[in-house]
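# Structural characterization, general
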Amino acid sequence: MSGETQSADHEIPRSSNTFAGDVWVNFKRWNLKAVRNPFVLVVSLAQPFIFLVLFTEVFGNVAGGAVSEGLGPGIDYTTFLVPAIAIQVALASAVTSGIGLVNDIENGMFEKVLVSPMNRTAVFVGKTLAEVFRIALQIAIILGLGVLLGAEITTGVVGALGIIGVGIVFSFWFIAFSNTLAVLTRDQESTIIGANLLQFPLLFLSSAFLPLEVLPNWIQLFARINPVTYGVDAARAIMLDEDVMTVLEVTAFDGALDTIVPAVAVLAGLGVAFGGVAVYLLSRASSSDVR
Amino acid sequence: MSNDRSVADAETQREQSRQGAVDRTTPTTAPSIEIDGLELTYGDGTAAVDGVDLTVADGEFFGFLGPNGAGKTTAIKVLATLLSPTAGEVRVNGFDVRAEPRKVRESIGYMAQETSIDPELTAEENIRFACEAYGVPRSKRDDRTAELLDLVDLTAVADKRSEGFSSGMKKRLDAATALVHRPPLVFLDEPTTGLDPNARNRLWEYFRRINARGTTVFLTTQYLEEADQLCERLAVILDGGIVADGSPDELKRQVGGDVLDIELQDGEDARARAVEIAGKFDAFEDAIVEGTETGISVTAKTARESGTDLLVALRDAGLTVTGFNVRAPTLDDVFLAITGERVDIESTAGGVETEAAAGTEETS
């Protein structure tokens, strides 16, 4: 083999990255790109933040009554809203995963990575980890801002970590979805439009901004099959330390867990289902089989 | 060679490797590329590569020449493990592309036709990412990055984001990232397409340096001049099959001789008469005679030996020869001979079916 000749250019001095090493290399690259790209970092945080401030200021007084009607008295609208904004951040950030993939396909980096000896699963794991890491940071920022605006996390720091955890579990299905769009359309604009178009209906037709009880019946019906409802309910249950879920009646556990456990189970299931489709499409896109 | 930055050294080595090209093909090392009966048919039934046999020796500067759509990129993608062959055996650096794709990937550098760099990263970060992707040992990454930046003259803009680079700079950066692991074999897919002559010359210089270090270079190009300038050996691919193979000089010889350009006085009538005389000239067998702007051009096997006889015949016919030149054919002439038409760089390879059939007859 060529390795036997030992002139300078005939060594193959590969330290043969481990799987974890390949994950790390890609994790670093996508974090660097996120820091470089103000759109990714700021815009996906700015819109939820504007929602948080405007909604509490504009609807705070009016919505307070509806919140009391749904969840009982004494709950501040800001406290009610912050978990929903946390989920909105996860949603908005997950879109950028598909956009990143499309950009990589367009600027040739996708193929460049395929030609490299890196493990292909590790490549996508590293990219997704970077996105999840960003989502965790952004939810933490939103929670901090929420507390500054007067929201109260009943369960404290552990609860805050729990909400971040819910946000991460929630983000998987949408990350997978935006990657699926990316592979299918291979077009940046279609991916952005496709994923963004869904964001508002998903948010408004859920328990995010008002308790479902005060919303029209058809919205209540749609909210049942809307993943955002499960994400928001789980985050809100942690925030308030109460069983807030109305779309599924579970009493097997205790208090807030009656919401958290079924909601996280539903989200995890969705993540696996959507993830399966995305993984199938990605491995087909990176396979060398002729089509 | 330990110090790649020494240009003088590199040039010396280059000279040696040029001269020693024939010797080095003897099997002291395995060939870099061995292709046996490669076929690749796309899902829609298009046979992009249809029965290619090819061996590229270790250290060779090899050129794959052909018009757009001839199958160059498809073939190079098979070699780089991006496409699985439909049929045939392909070994790269001794590894089977189907059975050991990762071994192949570790041992090659690949520069795609479209410039592939991350525009959000700086020049240095792009190279560093490649170092990490190819598992260059941590202790060597700094040196390797600095060395490659220097080699492609991007040290001054190392910390600038690559999105602002000119296309020539982007190409050079792309080329540098393909070399971080010092692969014994590098694929360059139309590396200079779309570049201005200045940028092209710089890249050529750079490719020569890599080859001088002992790296096998597999280059595809539509530019005859590029192939002529750089390559020790060429294969011409047309409609998925190889129709000619050899050194640039050998290919030129296949044109059927040398070219005798004659300049004449007295305008068009004189030229027409000269074409007539040259066409009937006994000493030339199967000569191709063309009228040119200033005289005539004769391509014939015996153009060198019998050229003077033709000049005498023209003088005897009362024509005034004002200048003449016997030259070896260019690759342009080669392409004309093989494809039956002048190569139109930007258009697709239409109207070459008859010639291509000759090259693919052994597939069936």
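Since the model is a prediction, treat every value here as computed from it, not as a measurement.

When helices and strands are counted, chain A shows 10 helices and 0 strands. For chain A, the residues scored as buried account for 55% of the 291 residues in total. Long-range pairs, those at least 24 residues apart, make up 73% of the contacts in chain A between residues at least 6 apart in sequence.

Residues and elements named next belong to chain B. Burial analysis of strand β9 (residues 233-238) places 6 of its 6 residues in the buried class, which makes it a mostly covered element. Neither face of β9 is exposed, since R233, A235 and I237 on one face and L234, V236 and L238 on the opposite face are all buried. Sheet analysis places strand β3 (residues 61-65) next to β9, joined by 4 bridges and oriented parallel. Looking at the pairing, F62 lines up with R233 of β9. Two elements, β9 and strand β10 (residues 241-246), share 5 bridges in a ladder whose sense is antiparallel. Each bridged residue has a counterpart across the sheet, and for L238 the counterpart in β10 is G241. Hairpin geometry of β9 and β10 is characterised by an intervening segment of 2 residues between the two adjacent antiparallel strands and by a positive phi of about 45 degrees at D239.

With 98 residues, the main nonpolar core has L54, F64, V92, F187, Y206, F207 and F218 of chain B as its most contacted residues. Residues in contact with V92 of chain B, not counting those within four places in the same chain, are S32, L79, V97, V104, I108, L185 and F187 of chain B. In terms of nonpolar packing, the next biggest core, distinct from the first, is built from 66 residues, A94, I164, L181 and A223 of chain A among them.

To continue, consider the environment of T292 of chain B. All names here are of chain B. The topology assignment puts T292 in the loop between β12 (288-291) and β13 (295-300). You can call T292 partly exposed: its relative accessible area is 32%. It is 9.9 Å that separates the C-alpha atoms of T292 and E268, two residues lying 24 residues apart in sequence. Among all residues touching T292, those that are not within four sequence positions of it are R271 and S297.

All names here are of chain B. Pairing is mixed in the open sheet, where 6 strands are placed in the order β6-β7-β8-β3-β9-β10. Edge positions in the open sheet fall to β6 (108-111) and β10, since each of these has one partner strand only. If you compare each strand with its neighbour and ignore which way they point, the axes differ by 15 degrees on average.

This brings us to the interface of chain B and chain A. Each partner contributes to the interface: chain B provides 51 residues, whereas chain A provides 39 residues. Both sides of the chain B and chain A interface together cover about 4,000 Å² of buried area, and 52% of this is carbon and sulfur. Between the two partners, chain B and chain A, sit 8 salt bridges. Notably, a salt bridge pairs E111 of chain A with K77 of chain B, separated by 3.1 Å at the nearest N-O pair. Our enumeration of links across chain B and chain A arrives at 15 residue pairs in polar contact (both at pLDDT 80 or more). Mapped onto the side of chain B that touches chain A, the elements with two or more residues apiece are β1 (33-41), α4 (101-106), α5 (123-133), α6 (138-151) and α7 (167-177) of chain B.

The next point concerns helix α6 (residues 156-185) of chain A. Residues and elements named next belong to chain A. With 30 residues, α6 ought to run about 44 Å at 1.5 Å a step, and its terminal C-alpha atoms sit 43 Å apart, in line with that. Of all the bends in α6, the greatest, near 30 degrees, is centred on S171. Positioned one or two residues after α6, R186 has a phi angle of 50 degrees, which is positive.

This part takes up α5 of chain B. The α-helix advances 3.6 residues per turn, and as a result positions three or four apart in sequence lie on the same side. Of all the 11 residues making up α5 of chain B, 9 are buried; the element is thus mostly covered by neighbouring parts of the structure. Listed as buried for α5 of chain B are A123, E125, N126, I127, F129, A130, C131, E132 and A133 of chain B. On its buried face, α5 of chain B is in contact with α1 (19-36) and α4 (109-115) of chain A together with α6 and α7 of chain B. Trailing α5 of chain B by a residue or two, G135 of chain B shows a phi angle of about 65 degrees, which is positive.

Residue and element names in this part refer to chain B. In the predicted model, chain B carries a mean pLDDT of 82, and the fraction of residues at 70 or more is 85%. The low-confidence segment residues 1-27, where pLDDT is below 50, has 34 contacts with residues more than four positions distant or belonging to other chains. Of the regions scoring below 50 in pLDDT, residues 343-364 engages in 35 contacts with residues more than four places distant in sequence or in other chains.

The final tally for this structure, using the stated rule, is 22 aromatic pairs over all chains. Between F204 of chain A and F209 of chain A the ring centres are 4.8 Å apart and the planes differ by 55 degrees, which places this aromatic pair in the tilted class. A relative accessible area of 6% means that F209 of chain A is categorised as buried. Taken together, the ring pairs connect F51, F55, F59, F200, F204 and F209 of chain A into an aromatic cluster. A cation sits over an aromatic face here: R236 of chain A above F80 of chain A, 3.4 Å from the ring centre. R200 of chain B extends its terminal NZ or CZ atom over the ring of Y223 of chain B, reaching a point 4.2 Å from the ring centre.

With that out of the way, let us pick up the sheet that holds strand β4 (residues 87-92) of chain B. Residue and element names in this part refer to chain B. Taken in spatial order, the 4 strands line up as β2-β1-β4-β5 in an open sheet, and their pairing is antiparallel. Since the sheet does not close on itself, it has two edges, and those belong to β2 (47-56) and β5 (95-96), each with one partner. Here β1 pairs with β4 via 5 bridges, running antiparallel. Bridge pairing in β4 places I33 opposite V92.

What counts, and at which threshold
Residues numbered from 1 in each chain as written. Chains lettered and ligands numbered in written order. Predicted model: local features only at pLDDT ≥ 70, side-chain atom pairs only at ≥ 80, totals over all residues. Heavy atoms only, no water. Helix = DSSP H or I, 4+ residues; strand = E, 2+ residues; numbered from the N terminus. Buried < 20%, exposed > 50% of the residue type's maximum accessible area, 1.4 Å probe, protein only. Contact = heavy atoms within 4.5 Å. Pairing = 2+ DSSP bridges. Core = buried A, V, L, I, M, F, W, Y, C linked by side-chain atoms within 4.5 Å. Axes fitted to C-alpha atoms, helices over the stretch in contact; angles between N-to-C directions. Buried area = accessible area lost by both parts, 1.4 Å probe. Salt bridge = Lys/Arg side-chain N within 4 Å of Asp/Glu carboxyl O. Polar contact = N/O pair within 3.5 Å; in protein donor to acceptor, adjacent residues only side chain to side chain. Expected span 1.5 Å × (residues − 1). Bend = angle between axes of the 7 residues up to and from the residue. pLDDT = per-residue confidence, 0-100. Phe/Tyr/Trp six-rings, centres within 6.5 Å; stacked < 30°, edge-to-face > 60°. Lys NZ or Arg CZ within 6 Å of the ring centre and 35° of its normal.

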